[in-house]
Each structure stands twice: as structure tokens, then as C-alpha cells.
Amino acid sequence: MIVALLAFTYWAAQGAPDVMWTSAPGWSWARRVALSAADTPAPQVAPLAVDGAGQIYLLTIARRDAAPQALLTAYGRDAGVRWRRELSAPAGEIHQPALLWDGQMLRALWLDHGRIYGSTVGPSGEVLAAAQPLGGSAQVESFAAASDGRGATFIWYAGAPEAPGIFAQPPGDLTGPPTQIAPAGSRPAIQLTTGGALVATWVAPEADKLAIWRGVYPGGDPTRGRAEAVGSIEMGPGLALSGPWLSADDADGYLLWNLTVTQGRTAGSSYAQYLSFPLDGGPASEVRAIGLPTGADLDYVDGAGGPQVALGAGGVAGGGPPADCAAPVGPGAPAMICKAQVRHRASHRFSQAGAILLAGGQPAGYQLISFGDRSAYAPALARDGAGQLYASWLSMGAGGFDVYLASTAPDMRAALGQMGLRDVGRVGFEIIYGMISGALFSPLTALLWSLAPLAIIGLTAGLRRDHGDLRHWATLLSLGLALAAYWFAKWTLLADARSYVPFAAWVPGMPGWLGLPLRLGVPMIIGGLSLWAAWRLTYRRGANSAALFLLAYVAVDAPLTMAIYGGVFFGAFYPFA
């Protein structure tokens, strides 16, 4: 029976988890819903869209005859697959995929050998237009797209170096000639307000910095409105820029970017900055640094966007920089989903997906969404008509990237939160593996914890010389001092474990009210079992040696303590890290 149980839990633990616990209150658990091919050096985002009926769509990359193909999948409110359609990409290269619901049909877009390709698909899966290149420059560096949900789609792009500039496709004719917005620039981003205005930003080189330009265009008409510089990004030869990423409401626009150091002793480190600007033409804010919490034990409070960790103008002091951000397309409360480094269980760090909620010209709140022992990549965020959020992100898997889906919608929370037999087996495997891994360190820790207690037993031997009964006051005093020294040494070396909730590293979604009872109860139970075992092994058998009683206590206490708390200090919880 035991062998069968171990075999089952080991089988269940193979590969990526089907269900991943998410950290933020108000979010569903995340379910693995697709596999996206790993054909490019960097993971490509799996964009989401939600139609008026609540059907969810996901654009991923499939592989056919060794060539990548765009794959569009529709999911119902039960998270089940409704249909899948492969959208042929003539040249076979897919970068910067985007997915929009324009109110009547889906528009799948991507960059293929410097050209923007688009395909339209109906809500029932009928391909209305095969993938074809859109109008404009033959070479595109990057593009941004948005839809107002009423049939209008907007595409802005930056030309490659041989055809520089910022261009906008006519909303009514995506294959027609573009309108040039600026003679130079790159990295365009666009958003729409509830009033139908299009907010656009881009950057343009200027000496040793990049000037940030923004424009507001009524009705999305690129021939109306006016662009102006609102700030700058300080650049240098040892810095690499990611972003900027744009979000907006009816009052303010928010722009965030990440800078990575590529030279010198700090190469590989990064930091993030942001600015906000009013849409009525007022002055932009100063450029500020922003950091996100690096821990998972966060204090959530109720806010306008749901439970959130309150952020100041600069985020969290000493926090980690957000990266690879994305904002939901279309009107609604401004938010971004970003990748951030988070401590997972012990000292290990993995990139996780977290949402930044924006209001009043600055970051207002933060939600840590994913929390797993695999890094999250390329997060994406979508919003439905009721304001509920849908998130996707990628995690390295066998043969590509596993795509996870999570949501704040109540029905999706119920649908995505169901654990299957394999998920239960995986939790069991992690508990067994974690406890065994922690207990393996117990001989070393038992030695360290016992040095001072054994010395006390030896130094107080004179008090016990004429008294061989364990119940005599001299023996009890000697053992009391020794056990107090043992517990002091143990919890000094396991200082991080004092704030750890036992079993929380293994059991997903543990209720918060169990935290205090487990933190207090588990050490008391371990201590009680150890005292009972030591008493049974010594006094009940006629052995009245204080040293033997201490050694028996340690022989039970150390393995139990390390089985529960060992991973906090030694990182023993990581079968797949």
C-alpha cells in the first residue's frame, strides 16, 4: 500500500502542475490550458480577449512541420475548450502576437519578418479572413493595437531603421496606406478612453536620452490631436530598455519601463521607472523609480480594484523592479500585469506575475497573482465588460511553454479552482518529498543544537550524583536548563521558521485563519511528542540517566522539526526548482 501510494504521488508530480495556487485574494487558482511553442529566444506572450458573451480567447504558437503557426483557442465559462483554429502564417515567424475583440469578430495580429499580419475569426470559430499582411511600411520594428469594442480597430507601428517614423493605419482600412504621425520614433503604445479618444506614446532619440512623446486623438483619428514631449528616459551605452508600457483611464496616462544594466560589475541588474501625464494637456509627473514587494506574505486591504497591497508613489522601498508588463486593451480601470522576482518558500527566487493597479497619477495597489516553483514569463491581461480581469502567463514546460489562465470573475474562480486527482497527488508528493528532504538534515542540526545542552548536563552532574531518580528536583533542574538551551539554539538557527506557517509551502490555498494555530501548535506538538518518547524510552524502562533522556528527546525532536521546518533554512522543498 505504501509503495503504491509513493508511486502514485511520484507519477502525479511529473511535469508542470495542472493547477497552480495563486496568491492574491479575489483571484482564481491558475489552470494550465495550453502549450505554446518555444521557437524564439524569448517567450512570446499568449494574449487574451473576452467577447460580449463572456467567451474567452487565447492566442498561442503551435508548431506544424517545424514551422510556428498561430493557434486561436476559445474557452467557455467552465474553462473548457470550445474550439481551436490554426491561422496559417505564410512566412512562418511569429513575434509580438496581439488579440482583439472588436465587438463583432476577433482580430489576431503578429509580426512576421518585419510585416504585420492579421487574421479575422468569428466567435463560433469561422475564419473570416486568412492571415494577410496589412498596409504600410514593408519593414516594421514594433506595433501596438487596440479596439473600441464597437467595430473599430487601431494599429500604430514604428518603421524599421530603413523606413523610420511612427505610423497609424486608418481605422476603417487596415490594409490601406498609413498616416505618418512622427518622422522618427520607436516603441509605440496605444490605449482608448471611454469617450473614444486614443492615447498614444512613443520614444524618440535625443542626445543621450530618449524623449517620451504622447498624443491624444479624439475618435482615434490620427489626423486630429497634437503630440508633445512629456519626459525622457536617461540612456547610456550600458543600458538596455524594455517597454515602455502604457495604461490609461479618462483622466491620466501611465507609462512604465525597465532598464537593465549590460556592462560593468552590476551587469544583469535592472530597475524600473514610470511617469504619468494628464490627458487634458497638463504637465506630466516627474520620472520616478518603482519597486514591487519581493515576498509572498503580503498584507492585503480592500481597494477600488479589489484586495490589494497599498503602494506609494515609488512602490515599495527596496522592492524589485517590474518587467515585461502588459495592460488590458480598451477602456476601464488602469492596470498592468508585470513580471517580478519573488522569494518562494525559502531563499529561492522565481519570477512571478503580479498586477499593478493605477489611480490618481501613481501606482495605487499591487496584487501578487502567480506563486509557483517555476518562473512566470510574458504575462498578459484582459478585461471583460463587467471589469473582471483575466490573466495568462507562461512557464517552461516539456516541448514548449505551459500557458496558465487565471481570473477574478466569480464563475471563473469556481471553474478554475477545481483540483483533479493528479493535483492532489502532486500536493502529496511535495509533502512527502519536503518532509523527507528536511529530515535528512537532522543529524547535522541535532549536533549543533545539542552542544550546549550536553555541556549543561555535564556541568550539573554533581547535583545529580546522589539522586538517580528522573523525578528528583536536581535532575529536573538539570534537564530543564538543558532543554531550554536546546530550544534556544534550535530557534536561533531557524529564525526564519518562526514566521513560517507549517505545511503552507506544500498545501495550496491554506486558509489564513490557520496561520496562528499552526505556528503555535506544531512546535508544541513536536515538543510534547519528544518529551513523551524520551520518558517512555528512559524512566518507563528503568533508565534514569539525564543524558540518555536528553539524547532520546533530541532523536525525536530534531527529525520532526527538520521535516516541517527544514526547507525554510536549507531549501529542501524544491524537487523541481
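Residues numbered from 1 in each chain as written. Predicted model: local features only at pLDDT ≥ 70, side-chain atom pairs only at ≥ 80, totals over all residues. Heavy atoms only, no water.

Within a sheet, adjacent strands bond to each other through the backbone by hydrogen bonds, running parallel or antiparallel. As summarised here, the arrangement of the five strands in space is S23-S27-S26-S25-S24, forming an open sheet in which the pairing is antiparallel. The two strands at the open ends of the sheet, each matched to only one other strand, are strand S23 (309-310) and strand S24 (323-326). In terms of strand pairing, strand S25 (residues 335-343) meets strand S26 (residues 349-359) through nine bridges, oriented antiparallel. Bridge pairing links arginine 343 to arginine 349 in S26. (Pairing = 2+ DSSP bridges. Helix = DSSP H or I, 4+ residues; strand = E, 2+ residues; numbered from the N terminus.)

Counting buried residues in strand S4 (residues 56-64) gives seven out of nine residues, a clear majority hidden from the surface. Two strands pair when backbone bridges link them, and strand S3 (residues 48-50) and S4 are joined in this way by three bridges, in the antiparallel orientation. Bridge assignment links leucine 48 to a residue of S4, and that residue is leucine 58. The turn linking S3 back onto S4 is made up of five residues, and glycine 54 within it adopts a positive phi angle of 90°. Taken together, the nine bridges between S4 and strand S5 (residues 67-75) define a ladder with antiparallel strand orientation. What sits directly across from leucine 59, in S5, is leucine 72. (Buried < 20%, exposed > 50% of the residue type's maximum accessible area, 1.4 Å probe, protein only.)

Turning our attention to the nonpolar core. With 26 residues, the main nonpolar core has Trp449 and Tyr565 as its most contacted residues. If you list the elements that add at least two residues to this core, you get helix H4 (442-459), helix H5 (473-493), helix H6 (515-537) and helix H7 (546-570). With 10 residues, H7 is the single largest residue contributor to this core. Among the nonpolar cores identified, the runner-up in size contains 21 residues, and Ala272, Ala327, Val342 and Ile356 belong to it. (Core = buried A, V, L, I, M, F, W, Y, C linked by side-chain atoms within 4.5 Å.)

Turning to the packing of aromatic side chains, a few remarks are in order. Counted by the stated rule, this structure contains 11 aromatic pairs. Look at tyrosine 377 and phenylalanine 401: their rings are 6.1 Å apart centre to centre, the planes differ by 70°, and that puts the pair in the edge-to-face class. Taken together, the residues span a long stretch of sequence, with tyrosine 377 in strand S28 (residues 377-383) and phenylalanine 401 in strand S30 (residues 400-407) at a distance of 24 residues. Tyrosine 377 gets classed as partly exposed once you look at its relative accessible area, which sits at 27%. Ring centres 5.7 Å apart and planes at 85° place the aromatic pair tyrosine 486 and tyrosine 553 in the edge-to-face group. Of the two residues, tyrosine 486 is situated in helix H5 and tyrosine 553 in helix H7; the sequence distance between them amounts to 67 residues. Taken together, the ring pairs in this structure connect Tyr57, Trp83 and Trp101 into an aromatic cluster. Taking the ring centre of tryptophan 487 as reference, the NZ or CZ of lysine 490 above it sits at 4.0 Å. (Phe/Tyr/Trp six-rings, centres within 6.5 Å; stacked < 30°, edge-to-face > 60°. Lys NZ or Arg CZ within 6 Å of the ring centre and 35° of its normal.)

Over the atoms, a rolling probe the size of a water molecule traces out where space has been left empty. Applying the stated criterion across every chain, the model contains one cavity of 30 Å³ or more. Residue lining of the largest cavity: Tyr254, Leu255, Leu256, Tyr274, Leu275, Ile290, Met336, Ile356, Leu358 and Pro363, and that is the complete set. Looking at the lining of the largest cavity, the elements that each hand over two or more residues are strand S20 (252-261), strand S21 (270-278) and S26. Partitioning the lining of the largest cavity into residue classes produces 10 nonpolar, no polar and no charged. (1 Å grid on protein atoms, 1.4 Å probe; cavity = no way out; pocket = protein on both sides within 12 Å on 5 of 7 lines; lining within 4 Å. Points joined across faces, edges and corners; volume = space filled by probe spheres on them. Nonpolar A, V, L, I, M, F, W, Y, C, P; charged D, E, K, R; others polar.)

Quick look at the sheet that holds strand S14 (residues 179-182) now. The strand order across the open sheet formed by four strands is S11-S12-S13-S14, and the pairing between neighbours is antiparallel. Looking along the sheet, the strands with just one partner apiece sit at the ends: strand S11 (140-147) and S14. Neighbour-to-neighbour, the strand axes of this sheet turn through a mean angle of 25°, independent of strand direction. Summarising the sheet, strand S13 (residues 166-168) and S14 pair through three bridges and their orientation is antiparallel. By the bridge assignment for S14, alanine 168 is matched with threonine 179. (Axes fitted to C-alpha atoms, helices over the stretch in contact; angles between N-to-C directions.)

Looking now at the pattern of salt bridges. Scanning all chains against the criterion turns up 10 salt bridges. The closest approach of N and O atoms between aspartate 411 and arginine 77, which form a salt bridge, is 2.8 Å. Of this pair, aspartate 411 sits in helix H2 (residues 410-416) while arginine 77 sits in the loop between S5 and strand S6 (81-87), and the two are 334 residues apart along the sequence. Judged by its relative accessible area of 36%, aspartate 411 is partly exposed. With a closest N to O distance of 4.0 Å, arginine 150 and aspartate 148 form a salt bridge. (Salt bridge = Lys/Arg side-chain N within 4 Å of Asp/Glu carboxyl O.)

Keep in mind these numbers describe shape, not what the thing actually does.
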